[in-house]
2 protein chains.
Amino acid sequence: MDNYIKLIHGNGGKDTNHLIEEIFYKHFNNELLVNSLDSSVFKVSQGKMAFTTDSFVVKPLFFSGGNIGKLAVCGTINDLVVSGARPLYLSCGFIIEEGFPMNLLEKIVHTMGKICKETGVKIVTGDTKVVEKGAVDGLFINTSGIGIINRGYEPKPIKKGDNIIVTGGIAEHGTTIAIERYKMKVKGNLKSDCMPLTKVMDKLEKHISSVKLMKDPTRGGLATALNEIAQFAEMDIHLLEEQIPIKKEMVSVNQLIGLDPLYLACEGRMILVVDQNEGQNIVKEIRKCEGCEDAKIIGSLVNIGSAPTVFIETFIGGKRILGPLEGAMLPRIC
Amino acid sequence: MDNYIKLIHGNGGKDTNHLIEEIFYKHFNNELLVNSLDSSVFKVSQGKMAFTTDSFVVKPLFFSGGNIGKLAVCGTINDLVVSGARPLYLSCGFIIEEGFPMNLLEKIVHTMGKICKETGVKIVTGDTKVVEKGAVDGLFINTSGIGIINRGYEPKPIKKGDNIIVTGGIAEHGTTIAIERYKMKVKGNLKSDCMPLTKVMDKLEKHISSVKLMKDPTRGGLATALNEIAQFAEMDIHLLEEQIPIKKEMVSVNQLIGLDPLYLACEGRMILVVDQNEGQNIVKEIRKCEGCEDAKIIGSLVNIGSAPTVFIETFIGGKRILGPLEGAMLPRIC
């Protein structure tokens, strides 16, 4: 195998096939992928299906806690999970810059294969394009995914008093990327929360009738996702700042760089709206998952004032409006 | 709406939503898309499904006969069609360079919406990323697609004597892109063949039991696709050069620029392997579709020699081996 990606690896002929067999099939190996011609073909049962897509342009490609490949697989898996679907199959499209080191590509592909194995998800169809030096910044990945809706889950009417749960500490992915971009030297346990939410999904199964809505707070962070939930519910949200799980290190770094962690992306967290009678039980269940030990009820739904609004009660007892993200934020965090 | 794409259009907050509503929803408008949260959710019946993906990095973004958006929608539709599937839903991921003109984006999105309307295919889920100036060359699009396998179609055992059909003139897309890239001034009817193959699919329906394999000759052109068919069939292929439909203008331009049209991409053609008793009837049927008037039987399957090989009998009666694409070819043709 060559040490670097060349334009001929994208020619659609012998060299492309060589790359596919030596790198992609090696790590994504499954019958559907290997036997696919122009599409992957599989059986489906009658039911409801979820379909989603995301392109990943994160910079840098490798960061504490993950890399673009881990992000690409987890991101699409998590979009399916919060739609109430069991993720089944992913597609994967690579756009690679000429000269990209083959060993880095293989590292990324290896991580993707690892997450697939852990979660039982299969990459069944793919595409590889190579563009000339300067036409893309290293490597971009698109993943699309399909899943089958579990036990007939669907978003349910939201009521006053329903609890809002977050499954772990916030802002960890966004903060980690900021640190790497600003090349800050920081000590402590600072890494991305990037992980698949399939285990949380398993834990939620027996409580699914009490789960009214799920959402993953990626770009725009917790604040933006909660605003979308308020809009969807046509209600206000009342948050308690002191209940929001966030690591001390994350708070300190964000004070230093002047970013608001409420608007920074999570890549392994879920927000849930649940029946208030089941809130504590669901939190207890979620906390059993590795990485979700800090899951908490962070607020509740309240009657709407003039328009759907998220209010936050601060540590010192004040109350302020938490709008959706406006204006500039660190680009290319996912 | 702004005149140019800004980084904040990719922040995942208000500005992203504004872009989505003003540009994407306007042209892709359908209930599944507008009501989707993190995924699009829809019912499926028991059966077989095809799933495929492609990223599009074509340069230039606009060319005679189409643009990157037309290519992105037709490309994925056609991959589903040649898998025997009726295309249903597409996903669509945009990666856009900061400063990209909004009117060009809308032109591209408009074309995508138009092809969707013509073919009855829906874009039901999407993603938009904006990267800083220089991190991507203008605009890249990924489309993934799912379709339902028509009438239980599947690839069938291929036999000696089976006919090979191509649905129209070859090399038109690749040649058009080459002309634009080399900024050649050429007169005549030179444009990309880029089009959806859904109408051809409709015409084939009543003959589907005689269709053994379908393939679209994109990157790597007719020659590479036929080599893949020979491999799949474990047989040799015997082509008749004089039967291969190609416009005179395409021949002349390729003589001038020194490219071999047998290796240049088509983006609106299909190769079929069909039962020899039905070959002529199927050609007659295909020719009824607009753009397929030149459909022809170009060769047949013959017993294998030592390894699956494609032979071509030339105009002057010689016979040569036609290998798969090796080495450099014009990059970024799709």
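Residues numbered from 1 in each chain as written. Chains lettered and ligands numbered in written order. Predicted model: local features only at pLDDT ≥ 70, side-chain atom pairs only at ≥ 80, totals over all residues. Heavy atoms only, no water.

Per an unreviewed UniProt entry, chain A goes by the name Hydrogenase maturation carbamoyl dehydratase HypE and belongs to Alkalibaculum bacchi. Listed in UniProt under the heading Sequence similarities (unreviewed entry), the comment for chain A reads: "Belongs to the HypE family." (UniProt positions renumbered as here; feature names shortened; annotations may be inferred.)

Regarding the side chain of Ser36(B)
Residue and element names in this part refer to chain B. Take serine 36: it is sitting in the loop between helix H2 (31–34) and strand E1 (40–44). According to the relative accessible area criterion, serine 36 is buried, its value standing at 17%. One polar contact links the side chain of serine 36 to the main-chain carbonyl oxygen of leucine 33, over a distance of 2.8 Å. (Helix = DSSP H or I, 4+ residues; strand = E, 2+ residues; numbered from the N terminus. Buried < 20%, exposed > 50% of the residue type's maximum accessible area, 1.4 Å probe, protein only. Polar contact = N/O pair within 3.5 Å; in protein donor to acceptor, adjacent residues only side chain to side chain.)

Some details on the pattern of salt bridges
For the structure on display, the rule yields 44 salt bridges over all chains. The salt bridge partner of Asp54(B) is Lys129(A), with a shortest N-O separation of 3.7 Å. With Asp54(B) in strand E2 (residues 47–56) and Lys129(A) in strand E6 (residues 122–131), this residue pair bridges two chains. Each member of the pair, Asp54(B) as well as Lys129(A), carries the same accessibility label: buried. For the salt bridge of Glu285(B) with Lys288(B), the shortest nitrogen-to-oxygen distance reads 3.2 Å. A single salt-bridge network, built from bridges that share partners, covers Asp54(A), Arg219(A), Asp127(B) and Lys129(B). (Salt bridge = Lys/Arg side-chain N within 4 Å of Asp/Glu carboxyl O.)

Some points on helix H1 (residues 14–28) of chain A
Residues and elements named next belong to chain A. Taking 1.5 Å of rise per residue, the 15 residues of H1 would be expected to cover 21 Å, and the 20 Å separating its terminal C-alpha atoms lies within 8% of that figure. Its axis deflected by about 35 degrees at glutamate 21, H1 carries its strongest bend there. Along H1, the residues classified as buried are Thr16, Leu19, Ile23, Phe24, His27 and Phe28. Looking at the buried positions of H1, the neighbouring elements they touch are helix H2 (31–34), strand E5 (85–97), helix H4 (102–119) and E6. (Expected span 1.5 Å × (residues − 1). Bend = angle between axes of the 7 residues up to and from the residue. Contact = heavy atoms within 4.5 Å.)

Description of the relation of the copies chain B and chain A
Overlaying chain B on chain A yields an RMSD of 0.0 Å, the required transformation being a rotation through 180 degrees with an accompanying axial translation of 0.0 Å. Each copy turns onto its partner about a two-fold axis. Comparing interface residues between copies, 100% of those in chain B also lie at the interface in chain A; the contact surface is shared. (Least-squares fit on C-alpha atoms with pLDDT ≥ 70 in both.)

Thoughts on the packing of aromatic side chains
Counted by the stated rule, this structure contains seven aromatic pairs over all chains. With centroids separated by 4.3 Å and ring planes inclined at 40 degrees, the aromatic side chains of Phe42(A) and Tyr89(A) adopt a geometry described as tilted. With Phe42(A) in strand E1 (residues 40–44) and Tyr89(A) in strand E5, this residue pair connects regions lying 47 residues apart in the sequence. For the pair Phe42(A) and Tyr89(A), one class covers both residues: buried. Pairing Phe24(B) with Phe94(B) gives two aromatic rings, centres 4.7 Å apart and planes at 35 degrees, and the pair type is tilted. Here Phe24(B) is found in helix H1 (residues 14–28), whereas its partner Phe94(B) is found in strand E5 (residues 85–97), with 70 residues between them in sequence. Here the two residues Phe24(B) and Phe94(B) agree in accessibility, since each one is buried. One Lys or Arg, Lys129(A), reaches over the ring of Phe56(B) and ends 5.6 Å from the middle of that ring. (Phe/Tyr/Trp six-rings, centres within 6.5 Å; stacked < 30°, edge-to-face > 60°. Lys NZ or Arg CZ within 6 Å of the ring centre and 35° of its normal.)

Examining the sheet that holds E1(B)
The five strands are arranged E6(A)-E5(A)-E7(A)-E2(A)-E1(B) in an open sheet whose pairing can be described as mixed. Only two strands of the sheet have a single partner each, and these edge strands are E6 of chain A together with E1 of chain B. Each strand axis lies, on average, 20 degrees off the axis of its neighbour in the sheet, ignoring direction. As defined by bridge partners, E5(A) adjoins strand E7 (residues 139–149) of chain A across eleven bridges and the pair is classed as antiparallel. When the sheet's bridge partners are listed, Cys92(A) is paired in E7(A) with Thr143(A). (Pairing = 2+ DSSP bridges. Axes fitted to C-alpha atoms, helices over the stretch in contact; angles between N-to-C directions.)

Some details on the nonpolar core
One finds Phe94(B), Leu105(B), Leu139(B) and Leu226(B) to be the most contacted residues of the largest nonpolar core, which totals 101 residues. In terms of residue count, helix H3 (residues 68–81) of chain B provides more of this core than any other element does, eight residues in total. Three or more residues apiece are contributed to this core by two domains, here domain 1 (4–149) and domain 2 (162–321) of chain B. If we skip the residues at most four places from it in the chain, Leu226(B) touches Ile164(B), Ile237(B), Leu239(B), Ile271(B), Ile298(B) and Val310(B). By size, the runner-up hydrophobic cluster in this structure holds 96 residues, among which are Val73(A), Ile108(A), Leu222(A) and Leu259(A). (Core = buried A, V, L, I, M, F, W, Y, C linked by side-chain atoms within 4.5 Å. Domains from an automatic or database assignment.)

Some thoughts on the interface of chain B and chain A
Taken together, the contact between chain B and chain A spans 77 residues of the former and 77 residues of the latter. Between chain B and chain A lies a buried interface of about 5700 Å² when both sides are counted; carbon and sulfur atoms form 58% of it. The three residues of chain B that bury the most area against chain A are Asp38(B), Phe51(B) and Arg219(B), which together make up 14% of that side's buried surface. If you look at where chain B meets chain A, you find twelve salt bridges. For Lys215(A), the salt bridge goes to Asp38(B), with nearest N and O atoms at 3.4 Å. (Buried area = accessible area lost by both parts, 1.4 Å probe.)

A few points about the domain arrangement of chain A
Residue and element names in this part refer to chain A. Domain annotation for chain A reports domain 1 (4–149) and domain 2 (162–321). Once you take the C-alpha centre of each, domain 1 and domain 2 turn out to be 28 Å apart. Taken residue by residue, the interface counts 21 residues in domain 1 and 22 residues in domain 2. Summed over both partners, the interface of domain 1 with domain 2 comes to about 1800 Å²; 65% of that surface belongs to carbon and sulfur atoms. Taken together, the links from domain 1 to domain 2 amount to two salt bridges. The residue arginine 86 makes a salt bridge to aspartate 202 at a minimum N-O spacing of 3.1 Å. Applying the counting criterion to the domain 1 and domain 2 interface returns ten residue pairs in polar contact (both at pLDDT 80 or more). At the level of secondary structure, the elements contributing two or more residues to the side of domain 1 that touches domain 2 comprise strand E3 (62–63), helix H3 (68–81), E5 and H4. Looking at which element gives the most residues to the side of domain 1 that touches domain 2, the answer is H3, with seven residues. Residue composition of the side of domain 1 that touches domain 2, grouped by class: twelve nonpolar, five polar and four charged. (Nonpolar A, V, L, I, M, F, W, Y, C, P; charged D, E, K, R; others polar.)

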